[in-house]
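# Coordinates in review
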Amino acid sequence: MQPSELARNMEVIATLNDYVGNAVDEILLDPDDCWQPTDFLPDLTKEDAYEQVRELRERSSNIPDSVITSLVGNMITEEALPSYQTYFSLVTNEDRDLTSSKGWARWSRAWSAEENRHGDLLNKYLYLSGRCDMKEVEHTIHRLIYNGFNPNTDNDPYQSIVYTSFQERATKISHVNTGKLADKAGDSNLSRICKTIAGDEARHEKAYKSFMSQLFEADPDGALSAFEKMMRKQITMPAILMDKKDGSPSLFVDFSAITQKIGVYTTWDYASIIEHLVSLWKIESLTGLKEGSAKAQDYLCSLANRYKRIAERMKVPTEIDLHWLSGQQFSF
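Residues numbered from 1 in each chain as written. Predicted model: local features only at pLDDT ≥ 70, side-chain atom pairs only at ≥ 80, totals over all residues. Heavy atoms only, no water.

Another point: the overall build of the chain. When its secondary structure is counted, the chain shows 13 helices and 2 strands. What you see for the chain is a C-alpha radius of gyration of 21 Å, in line with the 20 Å of a compact globule of 332 residues. Considering only C-alpha atoms, the chain reaches an extent of 65 × 50 × 35 Å along its principal axes. Burial status across the chain gives 54% buried among its 332 residues. In the chain, once contacts between residues fewer than 6 apart in sequence are set aside, the share between residues at least 24 apart is 81%. Looking at the chain as shown, the accessible area adds up to about 15500 Å², and 50% of this sits on carbon and sulfur atoms. (Helix = DSSP H or I, 4+ residues; strand = E, 2+ residues; numbered from the N terminus. Rg over C-alpha atoms; globule rule 2.2 N^0.38 Å. Buried < 20%, exposed > 50% of the residue type's maximum accessible area, 1.4 Å probe, protein only. Contact = heavy atoms within 4.5 Å. Areas by Shrake-Rupley, 256 points an atom, 1.4 Å probe, with all protein chains shown as cover.)

All right, on to the packing of helix α5 (residues 81-92) against helix α6 (residues 103-129) then. Contact pair α5 / α6: the axes reach a minimum separation of 10 Å and the direction vectors enclose 170°. The orientation of α5 with respect to α6, classified from their angle, is roughly antiparallel. Between α5, through L81, Y84, Q85, F88, S89 and T92, and α6, the contact on the second element is made entirely by W104, W107, S108, R109, W111, S112, E115 and N116. Class assignment of the residues belonging to the contact of α5 with α6 gives a composition of 6 nonpolar, 6 polar and 2 charged. (Axes fitted to C-alpha atoms, helices over the stretch in contact; angles between N-to-C directions. Parallel < 35°, antiparallel > 145°, perpendicular 65-115°, else oblique. Nonpolar A, V, L, I, M, F, W, Y, C, P; charged D, E, K, R; others polar.)

What follows concerns the side chain of R131. Positionally, R131 belongs in the loop between α6 and α7 (134-147). The buried category is assigned to R131, whose relative accessible area is 16%. Within polar-contact distance, the side chain of R131 engages the backbone oxygen of S60 at 2.5 Å. For R131, the residues in contact, after removing those within four places along its chain, are S60, S61, I63, P64, D65, I68, L126 and L325. (Polar contact = N/O pair within 3.5 Å; in protein donor to acceptor, adjacent residues only side chain to side chain.)

Let's shift gears to the environment of L325. Mapped onto the secondary structure, L325 falls in the loop between β1 (319-322) and β2 (328-331). Judged by its relative accessible area of 1%, L325 is buried. For the pair L325 and D133, spaced 192 residues apart in sequence, the C-alpha separation works out to 5.5 Å. If we ignore the near neighbours within four places in the chain, the residues touching L325 are D65, I68, T69, R131 and C132.

As a further point, take unusual backbone geometry. Residues other than glycine seldom take positive phi values, yet N152 does so here, at roughly 60°. With respect to the helices, strands and loops of the structure, N152 is situated in the loop between α7 and α8 (157-184). Accessibility expressed as a relative area gives 31% for N152, which makes it partly exposed.

What follows concerns α5. Compared with the 16 Å implied by 1.5 Å per residue over 12 residues, the 17 Å span of α5 between its first and last C-alpha is a close match. Each element contacted by the buried residues of α5 is listed here: α1 (3-14), α4 (65-79), α6, α7, α8 and α9 (188-218). (Expected span 1.5 Å × (residues − 1).)

Moving on: the packing of α8 against helix α12 (residues 267-280). In the contact formed by α8 and α12, the axes pass within 10 Å of each other and the chain directions differ by 135°. It follows from the interaxial angle that α8 and α12 lie oblique. As for how α8 packs across α12, the hand of that crossing is right-handed. On the side of α8, the interface is formed by F166, R169, A170, I173 and N177, while α12 contributes D269, Y270, I273, I274, H276 and L277. The class makeup of the residues in the contact of α8 with α12 is 7 nonpolar, 2 polar and 2 charged. (Left-handed = near helix turned anticlockwise from the far one by under 90°.)

Set out below in structure tokens:
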């Protein structure tokens, strides 16, 4: 990306500070009004604490191993929040003041504060359930944060907003579908947990999509270019670097195969998100663009169907290692 283009994008992003600040006040929640992990977990200060834990373990015992593995992967993704906040602050906070009252700095802090509860809640639930090898899970969280986060956005704030718009919707879908599977297995509390987290993600998705809509109004050529660039590179999932660096079997590949097979997050979902964003940002009907932009419009408008064709041919392995469940294997 040319330095002049990046500088221009940063200038446009800065003009949205007031709009983003309003989003903090209107879309995000006051910390005193937010749900907290303890609202969904046994209260260990009560006399019946052990009974509450026993009931949690009984409910979770009926959840299929594949769903637990998917839940672990979702939790690990949420627990790498420090990497995401650091990255987002670097590409949007032009004065590098983390206590700034400007819109983007406020958003980064408030969004991170809400997101932080997700990993905390799922981590505690899994620990109390006794369904997985928490030492191995903790190693994976450590590795993911240690390895870092690279959404492949060229440090471009436009591409970063495309990424977060896409990823928040993907995360919402993943948590909703996990909640449905928990319901099916008889764990209504886990279902409520997943659906509550999905509700947060839906609000965050709404905000990021509105930020991108503002960029399409202010700079349609730049916004269209950023959307096309991200789609050509493909959206890399936040947890893609959870693996060890010693050439061992890929945790992320196996995790993705399980979510694909059990319907938590699939190629069909990837296609549907593209379709949704293309429609939302009215890509097909954008006018007054620079010469050559028609090719980007055509590419984006046909992309969802390409992924649907891929989804029709998609195959997953018949045996997948459940890395966080004491080395078990899941056979389809």
